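The chain contents come next:
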Amino acid sequence: MPGRVEGKVAFVTGAARGQGRSHAVRLAEEGADIIAIDICKPIRPDSSIAASTSEDLAETARLVEKFDRRIVTAEVDVRDFAALRSAVDTGVEQLGRLDIIVANAGIGTGGVRLDLVDEGDWQEMLDINLSGVWKSVKAGVPHLLAGGNGGSIILTSSVGGLKAHPNIGPYVAAKHGVVGLARSFAIELGEFSIRANSIHPTNVNSPMFMHEATMKMFRPDLENPTADDMAVAARHMHVLPVGWVETEDISNAVLFLASDESRYITGLPLTVDAGGMLK
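All figures in this text were calculated on a predicted structure; none of them were measured in a lab.

**Student:** Break down the overall build of the protein for me, with residues and values.
**Tutor:** The helix and strand tally for the protein stands at eight helices and seven strands. Computed over C-alpha atoms, the radius of gyration of the protein comes to 18 Å, within 12% of the 19 Å expected from 2.2 N^0.38 for 279 residues, which places it in the range of a compact globule. In terms of overall dimensions, the protein has a C-alpha envelope of 55 × 40 × 35 Å along the principal axes. In the protein, which comprises 279 residues, the proportion classed as buried is 50%. Contacts in the protein between residues far apart in sequence, at least 24 positions, make up 72% of those at least 6 positions apart. Carbon and sulfur atoms make up 52% of the accessible area of the protein, which totals about 12800 Å². Here the protein carries 26 positive and 36 negative side-chain charges, and the mean point of each set is 4 Å from the other.

Laid out in structure tokens, this is it:
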């Protein structure tokens, strides 16, 4: 039985691990070939989150190839438009087309009130989580138009793109901006049968969320909180009795938006939030 994205090619950013890897593998499982990029090095030397690596991206490629799909990888910073365009152009040259853009790469932040945020931290967040999303789509759209088959653009936002949370102001601002990007692309590219939607996860079991700094942010009352300690607090964010969702939960939503099952859905902010937006 044909896969839900059989014969299509998807460009996925932040694909070395976490949600990006999960999206690439899930799309490959359903028949897509993949152009996968990731920075594969630290954003900054003092980051509390371990950086993705070349080995991580190679593992994504191995997992995609297990489904007998082709994959082209490149180590690219989404702030670098020339490098993005080169990676997409090379991927399309090798794979023959482009149908799906999943602009997923991003960083997290937290712990500081918005009026106290360092200007460099603010700019870094906007450069990666907002401008990097725009540049990723900008690099891919010419190929969607050239193919003449329409396409699907999926932008990773957050529940923080639909409501505010304390002490993550730069992240909230950037993720709100992603909604505007999705809606603008939807309006401007709709005549070409190109759809654009944003996806809004709650906490996700991935390296971006599951690390010491996040655990301490959720449980400042404990000196060395564990994931179990964090879960107690995180469950209060949701209607369903969970502290977080899994990467495959987001990937299933990405697959739906990439497939023809959502062929008349565009400009939609789709939540995968365990009811978090009801709180």
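**Student:** Help me get a handle on the layout of surface pockets, residues and values and all.
**Tutor:** Put simply, the second largest pocket is a space of about 290 Å³. Asn 149, Gly 150, Gly 151, Ser 193 and Arg 195 are, among the 18 residues lining the second largest pocket, the residues nearest its centre. The set of elements that each furnish at least two residues to the lining of the second largest pocket consists of β5 (151–156) and β6 (194–201). Among the residues forming the lining of the second largest pocket, the class breakdown is four nonpolar, eight polar and six charged.

**Student:** Tell me about the sheet that holds strand β3 (residues 71–75), and name the residues and values.
**Tutor:** Strand order in this open sheet of seven strands is β3-β2-β1-β4-β5-β6-β7, and the pairing throughout is parallel. The open sheet terminates on both sides in strands that have one partner only, identified here as β3 and β7 (269–272). On average, each strand axis in the sheet is inclined to that of its neighbour by 15°, with strand direction left out of account. With six bridges connecting them, β5 and β6 associate as parallel partners. What sits directly across from Ile 154, in β6, is Asn 197. Of the strands in this sheet, β5, β6 and β7 are in contact with helix α5 (residues 169–189), which crosses β6 at around 160°.

**Student:** Would you mind going over the packing of helix α1 (residues 18–29) against helix α8 (residues 247–258) in detail, with residue names and values included?
**Tutor:** Contact geometry for α1 and α8: axes closest at 9 Å, N-to-C directions at 50°. When the axes of α1 and α8 are compared, the pair comes out oblique. Where α1 crosses over α8, the handedness of that crossing is right-handed. The residues of α8 that touch α1, namely those facing Gly 18, Gln 19, Ser 22, His 23, Arg 26 and Leu 27, are Thr 247, Glu 248, Ile 250, Ser 251, Asn 252, Val 254, Leu 255 and Ala 258.

**Student:** Hey, could you go over the pattern of salt bridges for me, with residue numbers and the actual values?
**Tutor:** Following the criterion strictly, the structure yields 13 salt bridges and no others. With a closest N to O distance of 2.9 Å, Arg 70 and Asp 33 form a salt bridge. Of this pair, Arg 70 sits in the loop between α2 (54–65) and β3 while Asp 33 sits in strand β2 (residues 33–38), and the two are 37 residues apart along the sequence. The class of Arg 70 is partly exposed, set by a relative accessible area of 43%.

**Student:** Describe α2, and please don't skip the residues or the numbers.
**Tutor:** Between its first and last C-alpha atoms α2 spans 17 Å; for 12 residues at 1.5 Å apiece the expected length is 16 Å, and the two agree. Taken together, the buried positions of α2 are occupied by Leu 57, Thr 60, Ala 61, Leu 63 and Val 64. Each buried residue of α2 sits inside an arc of 165° when the element is viewed along its axis, so together they form one side. Summarising the contacts, the buried residues of α2 are in contact with α1, β2 and β3.

**Student:** Outline the packing of aromatic side chains, supporting the account with residue identities and numerical values.
**Tutor:** We describe a pair of aromatic rings using the distance from one ring centre to the other and the angle between the two ring planes. In the structure shown here, the tally under the stated rule is two aromatic pairs. Taken together, the ring pairs in this structure connect Phe 209, Phe 218 and Trp 244 into an aromatic cluster. Sitting over the ring of Phe 81, Lys 138 keeps its end group 5.4 Å from the ring centre.

**Student:** With reference to specific residues and values, describe the side chain of Lys 175.
**Tutor:** Among the structural elements, Lys 175 can be located in helix α5. Asp 38 provides the closest opposite charge to the buried, salt-bridge-free Lys 175, at an N-O distance of 13 Å. The residues touching Lys 175, leaving out its near neighbours within four places in the chain, are Asn 129, Thr 156, Ser 157, Ser 158, Gly 160 and Gly 161.

**Student:** Explain helix α4 (residues 119–147) to me, and be specific about the residues and the numbers.
**Tutor:** Along its 29 residues, α4 runs 41 Å from first to last C-alpha, staying within 8% of the 42 Å computed at 1.5 Å per residue. Ser 131 marks where α4 bends most, by close to 40°. Here α4 starts with a cap whose side-chain oxygen sits 2.8 Å from the backbone nitrogen of Gly 120, and that cap is Asp 118.

Thresholds, definitions, all that
Residues numbered from 1 in each chain as written. Predicted model: local features only at pLDDT ≥ 70, side-chain atom pairs only at ≥ 80, totals over all residues. Heavy atoms only, no water. Helix = DSSP H or I, 4+ residues; strand = E, 2+ residues; numbered from the N terminus. Rg over C-alpha atoms; globule rule 2.2 N^0.38 Å. Buried < 20%, exposed > 50% of the residue type's maximum accessible area, 1.4 Å probe, protein only. Contact = heavy atoms within 4.5 Å. Areas by Shrake-Rupley, 256 points an atom, 1.4 Å probe, with all protein chains shown as cover. Lys, Arg positive; Asp, Glu negative; His and termini not counted. Charge placed at Lys NZ, Arg CZ, Asp CG, Glu CD. 1 Å grid on protein atoms, 1.4 Å probe; cavity = no way out; pocket = protein on both sides within 12 Å on 5 of 7 lines; lining within 4 Å. Points joined across faces, edges and corners; volume = space filled by probe spheres on them. Nonpolar A, V, L, I, M, F, W, Y, C, P; charged D, E, K, R; others polar. Pairing = 2+ DSSP bridges. Axes fitted to C-alpha atoms, helices over the stretch in contact; angles between N-to-C directions. Parallel < 35°, antiparallel > 145°, perpendicular 65-115°, else oblique. Left-handed = near helix turned anticlockwise from the far one by under 90°. Salt bridge = Lys/Arg side-chain N within 4 Å of Asp/Glu carboxyl O. Expected span 1.5 Å × (residues − 1). Arc of directions from axis to C-beta. Phe/Tyr/Trp six-rings, centres within 6.5 Å; stacked < 30°, edge-to-face > 60°. Lys NZ or Arg CZ within 6 Å of the ring centre and 35° of its normal. Bend = angle between axes of the 7 residues up to and from the residue. Polar contact = N/O pair within 3.5 Å; in protein donor to acceptor, adjacent residues only side chain to side chain.

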